[in-house]
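# Secondary and tertiary structure notes
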Amino acid sequence: MGRLDTLLIIGLAVGWCWWGLLEGKTVRVRDSTEFRRAILTARPGTTILLAPGEYAGGLFFENVKGELGRPIVIAAEDPQNPPVFKGGNGSGLHFSQVAHLELRHLVLVGARYNGLNIDDGGSFDTPAHHIILANLTVREVGPRGNCDGIKLSGVSEFRVVDCTIERWGDGGQGIDMVGCHNGVIEGCVLRFEDDKGFGIQAKGGSSNIVIRRCRLEHAGARAIQIGGSTGLPFFRPPLREGREHAEARNITVEGCLIVGGTAAIAFVGVDGAVVRFNTIYRPKRWAFRILQETRGEGFVPCRNGVVTDNLIVFRSDEWFESGVNIGPATAPQTFRFARNWWFCIDAPAKSKPNLPVPEVDGVYGADPQLNAPEEGDFSVKRDSPASKVGAHALADGS
């Protein structure tokens, strides 16, 4: 065997060892250069662990794809001391056309436009899919304009769990979904200012999404927006002539705590949504809005909302239009309200809202006996008559 053959065999052996390292094993990185290299060479089953420290933001990656049962995982080596991606003229991190990808225990700070951006690369027939975002912290995004904490465009089969998003762009969203499907947002915390941007939004044809057990504190002009206003070319799937169109379908909001915000929940061009077992505390104008912003041929009026078993506590001097705002070109008569508990703190006799349809078994003016809302505890006392409504009443496994 010649020297050249020996070197070739050694080279192949080293290559296979490196491939094996990435194929189902763990790679540890300590700086931005090592992180880029690890991402670019990752294979299904690779786990990339980032050492504590600061990493450069503004990173873009595409076609990072794991497989079913073998995701590519990007995570903190020490969850108690997570890596911090700082800055970025675009997004802090941007992943395009990805699949079976998990991000865990990362911090993204100070991006110019979006903290984290995941999209389908504009290929609407091939969404990014099977994405898990867990225990992420995103803050100080923008600060001006339509800048989002987490932006998801054309993503399906996803989970956003136990993430904290604070101070996104004054015209943006904490979590923005455009044309996203079959997802769960659970246990997340969003904080900002009452009149700046929106908190969580699902629009652009989004469907089959559950927003569960999240805490939104002064999370914008509309803390949770079901639907929205989307440019027609950006709907996913694309709009088809002769079909009925809606900004969102089959969206569920349950077990959430919403404190402040100009409006707690807005239904905007949605066709079918359930809002149940939420606690809404002192919205600055409305508990609910029913609006239609995207109009044109084929678009159905905002319709078929179900609002049940919520606890709404408010003040009369922060209450407009009896707490429910209904815009033109909507179908409020298709909504259903049942078993909601309404309490006006400073004037219990003014607790009954002006709903578009009669409510079934609503409760008005009875003190729900919150534990300590001024200290951030919005649960009810043990003997509260409102024990069966509100976020605390959502059953496990619901």
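The notes below deal with the structure included here.

### Structural notes on the sheet that holds strand 20 (residues 206-212)
- Read from one edge of the open sheet, 12 strands run 1-2-5-8-11-14-17-20-23-26-29-32, paired in parallel fashion. Of all strands in the sheet, those bounded by a partner on one side alone are strand 1 (26-29) and strand 32 (336-338). Each neighbouring strand pair of the sheet contributes to a mean axis angle of 10 degrees, computed without reference to strand direction.
- Bridging between strand 1 and strand 2 (residues 47-50) involves four bridges; their strand directions are parallel. By the bridge assignment, Arg28 is partnered in strand 2 with Leu49.
- The strands touched by helix 2 (residues 32-40) are strand 1, strand 2 and strand 5 (72-76); relative to strand 1, the strand with the most contacts, the crossing angle is about 155 degrees.

### So, the side chain of Arg236
- Its place among the elements puts Arg236 in the loop between strand 22 (222-227) and strand 23 (248-254).
- You can call Arg236 buried: its relative accessible area is 9%.
- A distance of 2.7 Å separates polar atoms of two side chains, one belonging to Arg236 and the other to Asp120.
- Leaving out residues up to four positions away in the same chain, Arg236 has contacts with Asp120, Phe124, Ser153, Gly154, Val178, Gly179, His181, Gly204 and Gly205.

### Describing the pairing of strand 16 (residues 173-178)
- By the criterion of burial, strand 16 is predominantly enclosed, with six of the six residues buried.
- Relative to strand 16, strand 13 (residues 148-153) runs parallel, the two being bridged by four bridges. For Ser153, the partnering residue across the bridge sits in strand 16 and is Val178.
- With five bridges connecting them, strand 16 and strand 19 (residues 198-203) associate as parallel partners.

### Re the nonpolar core
- Counting 85 residues, the largest nonpolar core has Phe35, Phe95, Phe267 and Phe288 as its most contacted members.
- When residues no more than four places from it in sequence are discounted, the contact partners of Phe35 are Val29, Ile48, Leu50, Leu59, Phe61, Ile74, Phe85 and Leu93.
- If you look at the next biggest cluster of nonpolar residues, it comprises 12 residues, including Val259, Trp341, Phe378 and Val389.

Parameters and conventions
- Residues numbered from 1 in each chain as written.
- Predicted model: local features only at pLDDT ≥ 70, side-chain atom pairs only at ≥ 80, totals over all residues.
- Heavy atoms only, no water.
- Pairing = 2+ DSSP bridges.
- Helix = DSSP H or I, 4+ residues; strand = E, 2+ residues; numbered from the N terminus.
- Axes fitted to C-alpha atoms, helices over the stretch in contact; angles between N-to-C directions.
- Contact = heavy atoms within 4.5 Å.
- Buried < 20%, exposed > 50% of the residue type's maximum accessible area, 1.4 Å probe, protein only.
- Polar contact = N/O pair within 3.5 Å; in protein donor to acceptor, adjacent residues only side chain to side chain.
- Core = buried A, V, L, I, M, F, W, Y, C linked by side-chain atoms within 4.5 Å.

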